[in-house]
Amino acid sequence: MTMEQWLTDEERLTLKTGAFGAVFLVSNADPGVFALIRESFAASGVMSEASGPVREALTVGPLPKLPRDSVPEIEAVVLPALRRAVEILREKAPGDVAGYRSLVLAAAEQVARADRGVASAEAEMIDRIRGALAEPA
């Protein structure tokens, strides 16, 4: 059975929104025109390492539409998507939860390190992303 047969379009979009949105959040935590180019390459390198259902979810269908006006607005979409993505995977592909978490955090950390090292705002954003990906208490 392929992922498309057991994961809905909405669920795939949720996984994408979480993963790509996390990268977008970190990139916007310490913005810069030239940094954006380096960060994009860093994130795409990590995302290309995804495998199995997570890779399929990140490569099938449209890209997520994220708010662009402010970091709080982006956060209000992305952090719940990350929590929901973990729930979806826990229910439908429990063996891939750790891989999704690792992939998202690795991409976020690569983006933060891509330009002049990790700024404090980027580190704080990664902590919020890590919290959204954590197991519920």
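Residues numbered from 1 in each chain as written. Predicted model: local features only at pLDDT ≥ 70, side-chain atom pairs only at ≥ 80, totals over all residues. Heavy atoms only, no water.

**Student:** Provide a residue-level description of the side chain of Glu122, including the pertinent values.
**Tutor:** Tracing the sequence through the fold places Glu122 in helix α7 (residues 120-133). Looking at Glu122, the relative accessible area reads 1%, which means it is buried. At 2.8 Å, the side chain of Glu122 and the backbone nitrogen of Ala119 are in polar contact. (Helix = DSSP H or I, 4+ residues; strand = E, 2+ residues; numbered from the N terminus. Buried < 20%, exposed > 50% of the residue type's maximum accessible area, 1.4 Å probe, protein only. Polar contact = N/O pair within 3.5 Å; in protein donor to acceptor, adjacent residues only side chain to side chain.)

**Student:** Which residues make up the nonpolar core, and what values do they have?
**Tutor:** Val26, Leu82, Tyr100, Val104, Ile129 and Leu133 are the most contacted members of the largest nonpolar core, which has 38 residues in total. Residue assignment for this core shows that the elements contributing at least two residues are α2 (9-29), α4 (52-59), α5 (71-92), α6 (97-113) and α7. For this core, the element with the highest residue contribution is α6, accounting for nine residues. Ignoring any residue separated from it by four or fewer positions in sequence, one finds Leu82 in contact with Gly18, Ala19, Ala22, Tyr100, Val104, Ile129, Ala132 and Leu133. (Core = buried A, V, L, I, M, F, W, Y, C linked by side-chain atoms within 4.5 Å. Contact = heavy atoms within 4.5 Å.)

**Student:** Talk me through the environment of Arg12; I want residue IDs and the actual numbers.
**Tutor:** Of note, Arg12 is situated in helix α2. Exposure remark for Arg12: the relative accessible area of 7% places this residue in the buried category.

**Student:** Which residues make up the packing of α2 against α6, and what values go with them?
**Tutor:** Relative orientation and spacing of two packed helices are given, respectively, by the angle between their axes and the distance between those axes. Where α2 contacts α6, the two axes come as close as 8 Å, and the packing angle between them is 25°. The angle between the axes of α2 and α6 places the two elements in the roughly parallel class. For α2 against α6, the interelement crossing comes out right-handed. When α2 is examined against α6, the residues Thr14, Leu15, Gly18, Ala19, Ala22, Val23, Val26 and Ser27 are found in contact with a partner set consisting of Tyr100, Val104, Ala107, Ala108, Val111 and Ala112. (Axes fitted to C-alpha atoms, helices over the stretch in contact; angles between N-to-C directions. Parallel < 35°, antiparallel > 145°, perpendicular 65-115°, else oblique. Left-handed = near helix turned anticlockwise from the far one by under 90°.)

**Student:** Would you mind going over α5 in detail, with residue names and values included?
**Tutor:** The end-to-end C-alpha separation of α5 is 31 Å, in line with the 32 Å expected for 22 residues at 1.5 Å each. Of the residues making up α5, those classed as buried are Ile74, Glu75, Val78, Leu79, Ala81, Leu82, Ala85, Val86, Ile88 and Leu89. In this structure, the buried side of α5 is in contact with α2, α4, α6 and α7. (Expected span 1.5 Å × (residues − 1).)

**Student:** Lay out the pattern of salt bridges in plain terms, naming residues and giving numbers.
**Tutor:** A full pass over the atoms with the stated rule returns six salt bridges. Measuring nitrogen to oxygen at the nearest pair gives 2.1 Å for the salt bridge that ties Asp9 to Arg12. Residue Asp9 and its partner Arg12 are located together in helix α2, separated by three residues, close to a single helical turn. Accessibility expressed as a relative area gives 57% for Asp9, which makes it exposed. Taking the shortest distance from any N to any O, the salt bridge between Glu75 and Arg128 comes out at 2.7 Å. In this pair, Glu75 sits in helix α5 while Arg128 sits in helix α7, placing the two residues 53 residues apart along the sequence. Given the relative accessible area of 36%, Arg128 is considered partly exposed. (Salt bridge = Lys/Arg side-chain N within 4 Å of Asp/Glu carboxyl O.)

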